[in-house]
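Coordinate inspection notes
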Amino acid sequence: MEEKEVCYHVPVMLHESLEGLDIQPSGVYVDVTFGGGGHSREILNRLNDEGELYGFDQDADAEKNIPADSRFVFVRSNFRYLYNFMRYHGVAGEVDGLLADLGVSSHHFDDKDRGFSFRFDGALDMRMNTRAGQTAADIVNTYTEEQLADLFYLYGELKVARKLASVLVRSREAKKIETIADFLEVIKPFTGKDKEKKFLAQVFQALRIEVNDEMRALREMLQQTLQVLKPGGRLVVITYHSLEDRLVKNFLKTGNFEGKAEQDFFGNIRSPFRLVNNKVIVPSDEEIERNPRSRSAKLRIAELDNRV
């Protein structure tokens, strides 16, 4: 089992996130991004025989990492359906802690057949759940120019979003864009040598977010934590880019995604959460050296206010 984890994914800020959960041995916990199971196994190590852990993942590859442990329940689903499954299992409102590691695992980037990385050629896919949904190729070939421009601007934060969309639409009229090589050839005029990797990372991020509806799913999951956590329950979230981090930061601080603070009579900001770490936690230099994927990670911890 340990060998699988090394191949699949090295967990980011493992110690910090587990400390943030403040695990009670007989408690109920949820790992909404099970993946390689690294965080989940450490949670299980801290639970006694009465403890429970639920792990969410929509990726079929993650099922290979399910631990043989009666205290663990694997949920084959996107975390946007968190409340429905927790209610089904009879623990909605009883969860002591929930962990979300929002990053794409190294396993996905290293698998040339999944289409997540511009380092390999292959199908332009990018689906977390390969059993359903539209692929990146579907989006590139069917979205209108305006839709493409919007997604590259909103999710990739690209200044050349409109020009990029225009080139894609013109190119697909002559030849369908099916592979990563096809896609890279079309957008080649935009990839300057000095910032090529950064530009491609932004483009691929934008497509991946759209393919998997990541931002809307994140909003839905965060809102459902209010129904799933018990008063005083911990919410621990690791983010990797500014779009998702802004959502998480605003939600934990103000209870909404816009960051609009409402104050009580005494001037205190009203929020369903109490921040555990007022200052965001970032990986140590040692961790970044050991696991470069952690470089952009930010860890935020909050607990559901006992007055909710």
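Summarised in this report is the structure supplied together with it. (Residues numbered from 1 in each chain as written. Predicted model: local features only at pLDDT ≥ 70, side-chain atom pairs only at ≥ 80, totals over all residues. Heavy atoms only, no water.)

1. Side note on the sheet that holds strand S6 (residues 273–275)
Heads up, the condition is: Any two strands with at least two DSSP bridges between them are considered paired. Every helix listed is a DSSP run of H or I at least four residues long, and every strand listed is a run of E at least two residues long, numbered separately from the N terminus. Between the N-to-C directions of two axes lies an angle of 0 to 180 degrees, each axis being a line fitted to C-alpha atoms and, for a helix, fitted only over the stretch in contact. Note on definitions: a residue-residue contact is assigned when non-hydrogen atoms from the two residues lie within 4.5 Å.
Strands sit in the order S3-S2-S1-S4-S5-S7-S6 across an open sheet of 7 strands; the sheet is mixed. Edge positions in the sheet fall to strand S3 (72–75) and S6, since each of these pairs with one other strand and no more. Taking each pair of neighbouring strands and ignoring which way they run, the sheet shows an average axis angle of 20°. Note: strand S5 (residues 229–239) against strand S7 (residues 298–304), 6 bridges, orientation antiparallel. Each residue of the ladder has a partner; that of Thr239, found in S7, is Lys298. Here helix H12 (residues 242–254) sits on the sheet and contacts S5, S6 and S7; the angle it forms with S7, its principal contact strand, is near 25°.

2. Some thoughts on the packing of aromatic side chains
Under the convention used in this document: Stacked, edge-to-face and tilted are the three classes for Phe, Tyr and Trp ring pairs, Trp counted by its six-membered ring, which pair at centre distances within 6.5 Å; planes under 30 degrees apart are stacked, over 60 edge-to-face, the rest tilted. Relative accessibility decides the category of a residue: with a 1.4 Å probe and only protein chains considered, values under 20% of the type maximum give buried, values over 50% give exposed, and everything between is partly exposed.
Here the structure, examined in full by the defined rule, presents 7 aromatic pairs. Between Phe183 and Phe204, the ring centres sit 5.9 Å apart and the planes meet at 70°, which makes this aromatic pair edge-to-face. Here the residue Phe183 occupies a position in helix H9 (residues 180–186), and Phe204 occupies one in helix H10 (residues 196–211), the gap between them amounting to 21 residues. Each member of the pair Phe183 and Phe204 is classed as buried. What links up through ring pairs into an aromatic cluster is the set Phe34, Phe72 and Phe74.

3. Observations concerning H12
Our working rule: Any helix carries an expected span of 1.5 Å times its number of residues minus one.
The first and last C-alpha atoms of H12 sit 18 Å apart over 13 residues, in line with the 18 Å expected at 1.5 Å per residue. All of the buried residues along H12 are Leu243, Glu244, Asp245, Leu247, Val248, Asn250, Phe251, Leu252 and Thr254. In the core, the buried residues of H12 are packed alongside helix H7 (145–156), H10, helix H11 (214–228), S5, S6 and S7.

4. Quick notes on the packing of helix H2 (residues 14–21) against helix H3 (residues 38–45)
For clarity, the threshold we go by: For classification purposes, an angle smaller than 35 degrees is called roughly parallel, one larger than 145 roughly antiparallel, one from 65 to 115 roughly perpendicular, and anything else oblique. Each crossing is labelled by how the near helix is turned from the far one, with a counterclockwise turn of less than a right angle marking it left-handed and a clockwise turn marking it right-handed. For this scheme, ten residues count as nonpolar: Ala, Val, Leu, Ile, Met, Phe, Trp, Tyr, Cys and Pro. Four count as charged, namely Asp, Glu, Lys and Arg, and the remainder, Gly too, count as polar.
Running from N to C, H2 and H3 cross one another at 50°; their axes reach a closest spacing of 11 Å. The orientation of H2 relative to H3 falls into the category oblique. The two elements H2 and H3 cross, and the hand of that crossing is right-handed. Judged by residue contacts, Leu14, Ser17, Leu18 and Leu21 of H2 engage Gly38, His39, Glu42 and Ile43 from H3. A breakdown of the residues in the contact of H2 with H3 according to their chemical character gives 4 nonpolar, 3 polar and 1 charged.

Geometric descriptors of this kind do not, in isolation, establish any biological role.
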